[in-house]
Amino acid sequence: MDTQKDGKTPDLSAQEKHEVDRNQPPRAAVLHEIIRTQGNQELERSVAALWWSALAAGLTMGLSLMAMGLLNSRLPDHEGFKVIASFGYCAGFLAVILARQQLFTENTLTAVLPIMSKPTLGNFGRLFRLWGVVLVGNLCGTLLVAYVMLHLPIFDQRTDQAFLEIGRKVMENDTGQMFAKGIISGWMIATMVWMIPSMESAKMWIIILITYLMALGDFTHIVVGSAEVSYLVFAGQLSWEDFWMVFAAPTLAGNIIGGSFIFALLSHAQVRSESGSPSRPHPPGRHDDADDK
């Protein structure tokens, strides 16, 4: 084919053409299959394995509250410094995701794709089992870590006050705002999950970018938010009814809709609407890596 007519760069050697093929970003279908396979693996894990990993993740997510409280208590009380303190929000997400612990809205999103590929009653049952165990484990961990942070003599009074202020900030939202911000938060976590397989070398920076933006936007997340708000409950400044009805229920619904339904459904529809796979011609004398396996 005439390179002048088809727009291709002329005078590339066979080796250079092969390098062009090798360095193409993965198609959406490839990312979809990677995430779907990960989701299948999550669905096949035992209840005990899911529970202990989810509990550990809940405890670890306390790092976000701890880091934000420590930064807020040590930075000047000025709106500009809140931008710096928001970086503390990333700490729990970084630790949980890099340690591959079970986090609701992260691991539970990947499990949605196998259901969309094969929507059977058995798969729906496995999905709800995963969601239930991970959510309960996460919440038990965050409530426990909030209780310990409040009642054990770990932090000074200024830091304790910073923890309370963080919880009060969350509770400034009404139920509608909790729900709407939860949708955005779930969608952002889903975007992060979708990006990581194609940018594994930049995984840490992707997590920091997405979760830092979540903190700046004050978007609500069921797991990290439960640590922030339950701290208020244990301090006697909020009732359990408000915790569940004003914060937890609308935030959880928003996270599920934004991450598991909107993003996963659109991503799945995008892949399923593609017809066939692109052909990549092999350079003379060379084979694609997949042919060598």
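Here the residue index of a chain counts from 1 through its sequence in written order. Side-chain atom pairs in this predicted model are given and counted only at pLDDT of 80 or more, local residue features only at pLDDT of at least 70, and totals for whole chains, interfaces and linings cover all residues. Note that water and hydrogens are dropped before the side-chain values are worked out from all heavy atoms of the structure.

K.L.:
Is there a simple way to explain the overall build of the protein in this structure?
P.N.:
Think of it this way: any DSSP run of H or I at least four residues long counts as a helix, any run of E at least two long counts as a strand, and we number them from the N terminus. The secondary structure content of the protein amounts to 16 helices and 0 strands. Burial status follows relative accessibility: with a 1.4 Å probe on protein chains alone, a residue under 20% of its type maximum counts as buried, one over 50% as exposed, and anything between as partly exposed. For the protein, with 293 residues in total, the buried portion stands at 44%. Residues are treated as being in contact if the distance between any of their heavy atoms lies within 4.5 Å. The long-range share in the protein, meaning contacts at least 24 apart out of those at least 6 apart in sequence, stands at 83%. Method for areas: the Shrake-Rupley scheme with a 1.4 Å probe, in which residue coverage is limited to the protein chains shown. For the protein, the computed accessible surface area is about 14,900 Å², with 62% contributed by carbon and sulfur atoms.

K.L.:
Explain a nonpolar patch on the surface to me, please; I cannot follow it from the model alone.
P.N.:
On the surface, a cluster of nonpolar side chains totalling about 310 Å² of accessible area is made up of Val83, Leu209, Leu213 and Leu216. Here the nonpolar patch takes 3 residues from helix α13 (residues 203-216), the largest share from any one element. Inspection of the secondary structure puts Leu209 in helix α13. Each patch groups residues whose relative accessible area exceeds 30% and which form no salt bridge, using 9 Å between like charges and 5 Å between nonpolar side chains of Val, Leu, Ile, Met, Phe, Trp and Tyr. For salt bridges, the criterion is a side-chain nitrogen of Lys or Arg within 4 Å of an Asp or Glu carboxyl oxygen.

K.L.:
Before we go on, may I ask you to explain α13 in this structure?
P.N.:
For the α-helix, the turn length of 3.6 residues means that residues three or four positions removed from each other point alike. The end-to-end C-alpha distance of α13, which contains 14 residues, comes to 20 Å, matching closely the 20 Å that a straight helix rising 1.5 Å per residue would cover. Listed in full, the buried residues belonging to α13 are Lys203, Ile206, Ile207, Ile208, Ile210, Thr211, Tyr212, Met214 and Ala215. Just downstream of α13 lies Asp218, where phi reads positive at about 55°. Given a helix with a known number of residues, its expected span is that number minus one, times 1.5 Å.

K.L.:
Would you take a moment to explain the UniProt feature "transmembrane region" (unreviewed entry) in the protein for this structure?
P.N.:
UniProt positions are given in the numbering used here, feature names are shortened, and annotations may be inferred rather than shown by experiment. Residues given the UniProt feature "transmembrane region" (unreviewed entry) here are residues 49-71, 83-99, 127-150, 178-197, 204-224 and 244-266. As annotated, residues 83-99 has a helix share of 71% and a strand share of 0%, and its two end C-alpha atoms lie 26 Å apart. In residues 204-224, the share of helix is 76% and the share of strand is 0%. The end C-alpha atoms are 18 Å apart.

K.L.:
I keep staring at the packing of helix α4 (residues 47-60) against helix α10 (residues 121-151) and nothing clicks. Help me out?
P.N.:
Axes are the key here: two packed helices are described by the angle between their axes and the distance separating the axes. Only the stretch in contact is used when fitting a helix axis, every axis being a line fitted to C-alpha atoms; angles between N-to-C directions are given from 0 to 180 degrees. Following both chains from N to C, one finds α4 and α10 inclined at 35°, their axes separated by 7 Å at the closest point. Considering how the two elements wind past one another, α4 and α10 form a crossing that is right-handed. Taken together, the residues of α10 that come into contact with α4 (itself represented by Val47, Leu50, Trp51, Ala54, Leu55, Ala57, Gly58 and Leu59) are Arg129, Leu130, Val133, Val134, Val136, Gly137, Asn138, Cys140, Gly141, Thr142, Leu144 and Val145. Three residue categories are used. Nonpolar comprises Ala, Val, Leu, Ile, Met, Phe, Trp, Tyr, Cys and Pro, charged comprises Asp, Glu, Lys and Arg, and polar comprises the others, including Gly. By residue class, the composition of the contact of α4 with α10 is 14 nonpolar, 5 polar and 1 charged. Throughout, a crossing is termed right-handed when the near helix is turned clockwise from the far one, and left-handed when it is turned anticlockwise from it by less than a right angle.

K.L.:
Please clarify how the nonpolar core should be interpreted in this entry.
P.N.:
Across soluble globular proteins, nonpolar side chains have a tendency to be buried as a group. One finds Phe93, Phe104, Met192, Ile222 and Phe247 to be the most contacted residues of the largest nonpolar core, which totals 66 residues. In this structure Phe93 touches Met61, Ser64, Leu103, Ile189, Ile207, Thr211, Met214, His221 and Val224, once residues within four positions along its chain are discounted. The term nonpolar core refers to a set of buried residues drawn from Ala, Val, Leu, Ile, Met, Phe, Trp, Tyr and Cys, joined through side-chain atoms within 4.5 Å.

K.L.:
Mind showing me how you'd approach the pattern of salt bridges here?
P.N.:
Close approach of charged atoms lets side chains of opposite charge pair. Applying the stated criterion to the full structure yields 6 salt bridges. Among the ionic contacts, a cluster of salt bridges with common partners joins Lys169, Glu172 and Asp218.

K.L.:
Sorry, what's going on with the environment of Met204 here?
P.N.:
Position of Met204 among the secondary structure elements: in helix α13. Once the C-alpha coordinates of Met204 and Leu94 are considered, the two residues, 110 residues apart in sequence, prove to be 7.0 Å apart.

K.L.:
Is there a simple way to think about the confidence of the model for the protein in this case?
P.N.:
If pLDDT is low for a region, its predicted coordinates should not be looked at in detail. Mean pLDDT over the protein works out to 85, with 79% of the residues at or above the 70 mark. Least confident of the elements in the protein is helix α16 (residues 289-292), whose mean pLDDT is 44; most confident is helix α14 (residues 222-234), at 98. Counted against residues more than four places away or in other chains, residues 277-293, with its pLDDT under 50, gives 18 contacts. As a per-residue measure, pLDDT tells how confident the predictor is, with possible values from 0 to 100.

K.L.:
Teacher, can you tell me more about the side chain of Asn255 here?
P.N.:
Within the secondary structure, Asn255 sits in helix α15 (residues 240-272). Of the residues examined, Asn255 reaches a relative accessible area of 2% and is grouped as buried. Pairing of N or O atoms within 3.5 Å defines a polar contact, subject to two protein rules: one partner must be a possible hydrogen donor and the other a possible acceptor, and residues neighboring in sequence count only if both atoms are side-chain atoms. A polar contact of 2.7 Å, which involves the side chain of Asn255, links it to the backbone oxygen of Gly182. Apart from residues lying up to four places away in sequence, Asn255 is in contact with Thr105, Gly182, Ile183, Ser185, Gly186, Thr220, His221, Ile222 and Ser260.

K.L.:
Help me understand unusual backbone geometry, please; the structure alone is not making it clear to me.
P.N.:
The bulk of non-glycine residues show a negative phi, and the bulk of peptide bonds are trans. Phi is positive for Arg100, close to 60°, though the residue is something other than glycine. Positive phi outside glycine occurs at Thr105, with the angle close to 85°. With respect to the helices and strands, the residue Thr105 is situated in the loop between α7 (90-98) and α8 (107-110). A relative accessible area of 7% means that Thr105 is categorised as buried.

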